[in-house]
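Spelled out from the first residue to the last, the chains are:
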Amino acid sequence: MPLSNNVIGCINFITVLLSIPVIGVGIWLAIGTVNSCVKILQWPVIILGVLILLVGLAGFIGGFWRITWLLVVYLIAMLVLIVLLGVLVGFIYMVTIKGAGHPEPSRAYLEYSLQDYSTWLRRRVQRSYKWERIRTCLSTTSICPELNQRYSLALDFFNAHLDPIQSGCCKPPTKCGFTFVNPTYWISPIDMSADMDCLQWSNDQNTLCYSCDSCKAGLLANIKVDWLKADIFLLLALIGLIIVYIIGCCAFRNAETEDIFRKYKQGYT
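Thresholds, definitions, all that
- In this convention, every chain numbers its residues from 1, walking through the sequence in written order.
- Local features in this predicted model are restricted to residues whose pLDDT is 70 or higher, and side-chain atom pairs enter the listing and the counts only when it is 80 or higher, whereas totals over whole chains, interfaces and linings include all residues.
- Excluding hydrogens and water, the side-chain figures rest on all heavy atoms present in the structure.
- Only runs of H or I of at least four residues qualify as helices and only runs of E of at least two qualify as strands under DSSP, and these elements are numbered from the N terminus.
- Values of the radius of gyration come from C-alpha atoms, whereas the globule rule sets the reference at 2.2 Å times the count of residues to the power 0.38.
- Under the scheme applied here, a residue whose accessible area is under 20% of the maximum for its type counts as buried, over 50% as exposed, and between as partly exposed, the area being computed with a 1.4 Å probe on protein chains only.
- Whether two residues are in contact is decided by their heavy atoms: any pair within 4.5 Å suffices.
- Positive charges come from Lys and Arg alone, negative charges from Asp and Glu alone, with His and the N- and C-terminal ends not counted.
- In plain terms, the charge of a residue is placed at NZ if it is Lys, CZ if Arg, CG if Asp and CD if Glu.
- As used in this record, nonpolar core signifies buried Ala, Val, Leu, Ile, Met, Phe, Trp, Tyr and Cys residues forming a set joined through side-chain atoms within 4.5 Å.
- UniProt positions are given in the numbering used here, feature names are shortened, and annotations may be inferred rather than shown by experiment.
- Sulfur atoms of two cysteines make up a disulfide when they are within 2.5 Å.
- Patch building starts from residues that exceed 30% relative accessible area and form no salt bridge, then joins like charges within 9 Å and nonpolar side chains (Val, Leu, Ile, Met, Phe, Trp, Tyr) within 5 Å.
- Note on areas: these come from Shrake-Rupley sampling with a 1.4 Å probe, and a residue is covered only by the protein chains present in the view.
- For this document, the term salt bridge refers to a Lys or Arg side-chain nitrogen within 4 Å of an Asp or Glu carboxyl oxygen.
- Only C-alpha atoms enter the line fits that serve as axes; for helices the fit covers just the stretch in contact. Angles between N-to-C directions range over 0 to 180 degrees.
- Roughly parallel means an angle under 35 degrees; roughly antiparallel means over 145; roughly perpendicular covers 65 to 115; every other angle is labelled oblique.
- Three classes are used, and their members are as follows: Ala, Val, Leu, Ile, Met, Phe, Trp, Tyr, Cys and Pro are nonpolar, Asp, Glu, Lys and Arg are charged, and the others, Gly among them, are polar.
- An arc is given here, and it is the one of the directions from the helix axis to the C-beta atoms.

Draft legend 1. Quick peek at the overall build of the chain. Check the secondary structure of the chain and you find eleven helices and four strands. Taken over C-alpha atoms, the radius of gyration comes to 26 Å for the chain, far larger than the 18 Å a tight globule of 269 residues would show. By principal-axis analysis of the C-alpha atoms, the chain measures approximately 100 × 30 × 30 Å. Scored against the burial criterion, the 269 residues of the chain give a buried share of 46%. A fraction of 68% describes how many contacts in the chain between residues 6 or more apart in sequence connect residues 24 or more apart. Charge centroids of the chain, computed over 21 positive and 17 negative side chains, lie 11 Å from each other.

Draft legend 2. Expanded view of the nonpolar core. Ranked by internal contacts, the top residues of the largest apolar core, which has 71 residues, are Met78, Leu85, Leu138, Phe157, Leu219, Trp227 and Leu234. Sorting elements by how many residues they give to this core places helix H11 (residues 213–268) first, with 16 residues. When neighbours within four sequence positions are excluded, Leu219 is seen to be in contact with Val34, Val38, Val125, Trp131, Ile134 and Ile165.

Draft legend 3. Quick look at the UniProt feature "transmembrane region" (unreviewed entry) in the chain. Under the local residue numbering, the UniProt record ascribes the feature "transmembrane region" (unreviewed entry) to residues 6–31, 43–65, 71–95 and 232–255. Taken end to end, residues 43–65 is 96% helix and 0% strand, and its first and last C-alpha atoms sit 33 Å apart. Helix makes up 100% of residues 71–95 and strand makes up 0%, while its end C-alpha atoms are separated by 36 Å.

Draft legend 4. Region of interest: the state of the cysteines. Throughout the structure, instances matching the rule amount to five disulfides. With its sulfur 1.9 Å from that of its partner, Cys144 forms a disulfide with Cys170. Between Cys144 and Cys170, the S-S torsion sits near -85°, and that sign places the bridge as left-handed. Here Cys144, found in the loop between helix H6 (128–139) and helix H7 (145–150), pairs with Cys170, found in the loop between helix H9 (164–169) and strand S3 (179–182); they are 26 residues apart in sequence, far enough to count as distant. Per residue, the accessibility class of Cys144 equals that of Cys170, and both read buried. The residue that forms a disulfide with Cys176 is Cys198, at a sulfur-sulfur distance of 1.9 Å. As the torsion about the S-S bond is roughly -85°, the Cys176-Cys198 disulfide counts as left-handed. A residue pair is termed long-range when its members are at least 10 positions apart, and Cys176 in the loop between H9 and S3 and Cys198 in helix H10 (residues 196–200) qualify at 22 residues. Each member of the pair, Cys176 as well as Cys198, carries the same accessibility label: buried. Counting only the cysteines that take part in disulfides, in the order they occur along the chain, gives the pairing 1-2, 3-5, 4-10, 6-7, 8-9.

Draft legend 5. Layout of a nonpolar patch on the surface. A cluster of nonpolar side chains, contributed by Ile232, Phe233, Leu235, Leu236, Ile239, Ile243 and Ile247, occupies part of the molecular surface with about 660 Å² of accessible area. Relative to the helices and strands, Leu235 resides in helix H11.

Draft legend 6. Highlighting the pattern of salt bridges. In the structure shown here, the tally under the stated rule is four salt bridges. Arg135 is the salt-bridge partner of Glu132, the closest N and O atoms lying 3.2 Å from each other. Note that Glu132 and Arg135 are positioned in helix H6 at a spacing of three residues, about one turn of the helix.

Draft legend 7. Highlighting the packing of helix H5 (residues 119–126) against H6. Viewed as axis vectors pointing N to C, H5 and H6 meet at an angle of 70°, and their least axial separation amounts to 6 Å. As far as their axial angle goes, H6 and H5 are roughly perpendicular. Packed against H5, whose contacting residues are Arg123, Arg124, Val125 and Gln126, the element H6 presents Ser128, Lys130, Trp131 and Ile134 at the interface. Split into classes, the residues belonging to the contact of H5 with H6 amount to three nonpolar, two polar and three charged.

Draft legend 8. Region of the structure containing H5. Along H5, the residues that are buried comprise Leu121, Arg122, Arg124 and Val125. Taken around the axis of H5, the buried residues stretch over an arc of 155°, which confines them to a single face.

What follows is the structure, given as structure tokens:
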């Protein structure tokens, strides 16, 4: 029995270790410049990781000290958390599967369209009261100002591989036909396009194209990249948790079987 207890405890300790990458993914999303302005996925991931950590500790304690009811609670709670993590992994993949940049002639960077992204993601940025907070947050970062320090010539800027958020928020859309002065200052054409993004562009460094749909699309493109990276780590953690959970169930069943045989043997003798 002590061997079985130790095995169950060690298996459950691995669960504790697997909670670390889940929590780490949440923290990484929370401290990212773009994701910190959106605040959609960070807390659900962190909370789920902390719950996995606490349940894993409960299973670890129950395994080493042979607290049967605690192990039963661990098995039930961990199954629920594994299902929740699986749902989260699938949800992230489904909302980020759509959307990509579009090339423009004589430009190395891509342009982004809001309509290319999933309805759920668009709703996170299209509502005015939500976007106003995000826009204010983005305008206080160095995402756009740093472009002026890196590119002084139009050719260098046009050949630059900009981040989606820089392409969408820091300059007017290429289709508007603005004339380059510097990355965040452009001369508008005499015949302005009726496109709303062209009309909303401003050389005010606190405004730029932060109110444009192209900025919202660029933000979603950045989120898509970061969320897909996070989804890979969460998927690996999910696979690890499933394997550990199956082994833990087998070990628990074997320990219970050994306990029954031990009690039977003692009663027989």
